[in-house]
Amino acid sequence: MQILRNFSLKDHNSFGIDVRADKFISIENIDDLRNLLRKNYASELFILGGGSNMLLTGDIHKTVLHIALKGKKIISETENEVTIEVSAGENWHELVLWTLKNNYGGLENLSLIPGNVGTAPIQNIGAYGVELKDTFVSCNAMNVQTLEQREFTLKDCEFSYRNSVFKNKLKGQYIITSVKFRLTKKNHLLKTEYGAIQAELEKDNISSPSIQDISNAVIAIRKSKLPDPEEIGNSGSFFKNPIIGKDQFAKLKEKFPEIPSYEVSEEKIKVPAGWLIDKAGFKGYRDGDAGVHVNQALVLVNYGLATGAEILALARQIQEKIKAQFDIDLEAEVNII
Ligand code: EPU
């Protein structure tokens, strides 16, 4: 176990922000994790997964634990289904590709999402009509104080839109070490209702798609809209799509008849933050190296040397304008640190 000092986190966050950590340790096995937690106060540690859902706004004067636990195994299988357990440090998209290679269905709509397996449950990652919770069985996690390992079932995780118990009442208390998924081996339940997926399949003349076809479609859509973090720093959607009351929505619809929306309940409507930000004139906006992506206004980008503070200032400017123009509060989806 190597301790690196004054370590740049530039290659460990998808925004590509160049801040430093006092100490940086890659954790490759559970024993090392337990030993480190035993020797340190939890408040002196900072847990890092894939770094794909955070904006770092300053140096980290703590010991950064980079969770690099690796491994995938089959736990059980029947003729129709397989349950797999995947270690927290595995790359999410590589896991999706591995499931496709084995013809295991369930994760194909979640292709190309940046980040690691262990952080996926924290925000219940989702895209194109599917969320992590749909195939999730349980996760193992270690309590940072008591070092006890606990298995969290689907119910324990309290998943909702980009949210879980790990972002709320258990925030900072557990480190997820592995996740179990239940996937189909045949009769895959394909989710193709999302308009963009249908359009992509039609374009390729595919009428009865395989899970691989759906993954290919999702990859093509994501590549056309979302910047590749290897080329332009970003954290995917910067804001959550706001959920507003039907009365407020009716007023907006009167003013902007073309506004897209999704009903979430009898009283509530979700509106796309990307549309609001686009309408407010920010799409493609750039101030120094901080900007709003040209193809998707929901994604803030770092063109190279932006600091976390500069990206945050842009986010605040957007929030103020959206509040003034639409009377809607935009909430950040990424963790601001
Ligand atoms: N729109 C605009 N202008 C824009 C961006 C979007 O008018 O600049 C409109 C689109 O035309 C569309 C609507 O807004 O009518 C929604 O856009 P899109 O389908 O691109 O999806 P989204 O709501 O912006 C959400 C997730 C994404 C996920 C996609 C697909 C959130 C916060 N974001 O984006 O997740 O990939 O749906 O399911 O829920 C992420 O979390 O990092 C992420 C990329």
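One can find the structure itself at the top, above this paragraph.
The rules we used
Within each chain, residue numbers correspond to sequence positions counted from 1 in written order. Where local features are concerned, this predicted model is filtered to residues with pLDDT of at least 70; where side-chain atom pairs are given and counted, the filter is 80 or more; whole-chain, interface and lining totals use all residues. In computing side-chain values, all of the structure's heavy atoms are included and hydrogens and water are not. Runs of E in the DSSP output that reach at least two residues are strands. Runs of H or I that reach at least four are helices, and both are numbered from the N terminus. Each radius of gyration is computed over the set of C-alpha atoms, and the globule rule expresses the reference value as 2.2 Å times the number of residues to the power 0.38. Burial here depends on accessible area, computed with a 1.4 Å probe over protein chains only, as a share of the maximum for the residue type. Under 20% is buried, over 50% is exposed, and the range in between is partly exposed. In what follows, a contact means two residues having at least one pair of non-hydrogen atoms within 4.5 Å. Note that accessible areas follow from Shrake-Rupley with a 1.4 Å probe, and for residues the cover is restricted to the protein chains shown. In this count, Lys and Arg are taken as positive residues and Asp and Glu as negative ones, while His and the chain termini are left out. A single reference atom marks each charge: NZ on Lys, CZ on Arg, CG on Asp, CD on Glu. For this description, a residue counts as near a given molecule or strand if any of its non-hydrogen atoms is within 4 Å of it. Any pair of N or O atoms that falls within 3.5 Å is considered a polar contact. Within protein, one atom must be able to donate a hydrogen and the other to accept it, and sequence-neighbouring residues count only if both atoms are side-chain atoms. Charged means Asp, Glu, Lys or Arg here, nonpolar means Ala, Val, Leu, Ile, Met, Phe, Trp, Tyr, Cys or Pro, and polar covers whatever is left, Gly included. Paired strands, as defined in this entry, are two strands with at least two bridges between them according to DSSP. Cavities and pockets were defined on a 1 Å grid built from protein atoms only: a cavity is a group of points that admits a 1.4 Å probe but offers it no way out, a pocket is an open group of points flanked by protein on both sides within 12 Å along at least five of seven lines, and a lining residue is one with an atom within 4 Å of any such point. Grid points are joined across faces, edges and corners, and a volume is the space filled by probe spheres set on the points.

Draft legend 1. Focus on the overall build of the protein chain. From N to C terminus, the protein chain includes eight helices and 20 strands. The C-alpha radius of gyration of the protein chain comes to 20 Å, within 12% of the 20 Å expected for a compact globule of 337 residues. Based on the C-alpha atoms only, the size of the protein chain along its principal axes is roughly 60 × 50 × 35 Å. Counting only residues that meet the buried cut, the protein chain has 49% of its 337 residues in that class. Sequence separation of 24 or more characterises 61% of the internal contacts of the protein chain that already satisfy a separation of 6 or more. Of the roughly 16,300 Å² that the protein chain leaves accessible, carbon and sulfur atoms contribute 46%. Within the protein chain, one finds 41 positive and 44 negative side-chain charges whose respective centroids are separated by 3 Å.

Draft legend 2. Geometry of the site of the ligand. Neighbouring the ligand are 22 residues; Tyr 128, Tyr 161, Ser 237, Asp 278 and Gln 296 lie closest to it. Within the side chain of Gln 296, a nitrogen or oxygen atom sits 3.1 Å from an oxygen atom of the ligand. Out of a free accessible area of 830 Å², the ligand has 82% covered by protein chains. When residues of the shell around the ligand are traced back to their parent elements, those giving at least two are helix 5 (211-225), strand 13 (233-237) and helix 7 (273-279). Considering only residue class, the shell around the ligand consists of 11 nonpolar, five polar and six charged.

Draft legend 3. Spotlight on unusual backbone geometry. Despite not being glycine, Asn 103 shows a phi value in the positive range, around 55 degrees. Judged by its relative accessible area of 38%, Asn 103 is partly exposed.

Draft legend 4. Quick peek at the sheet that holds strand 17 (residues 286-287). The four strands are arranged 13-19-18-17 in an open sheet whose pairing can be described as antiparallel. The two strands at the open ends of the sheet, each matched to only one other strand, are strand 13 and strand 17.

Draft legend 5. Expanded view of the layout of surface pockets. Size it by volume and the second largest pocket reaches roughly 850 Å³. Around the second largest pocket sit 34 residues that line it, and Ser 14, Pro 114, Asp 228, Pro 229 and Glu 230 are the ones nearest its centre. Broken down by secondary-structure element, the contributors of at least two residues to the lining of the second largest pocket are helix 5 and strand 13. Grouping the constituent residues of the lining of the second largest pocket by class yields 10 nonpolar, 17 polar and seven charged.

All we've got here are geometric facts, nothing functional implied.
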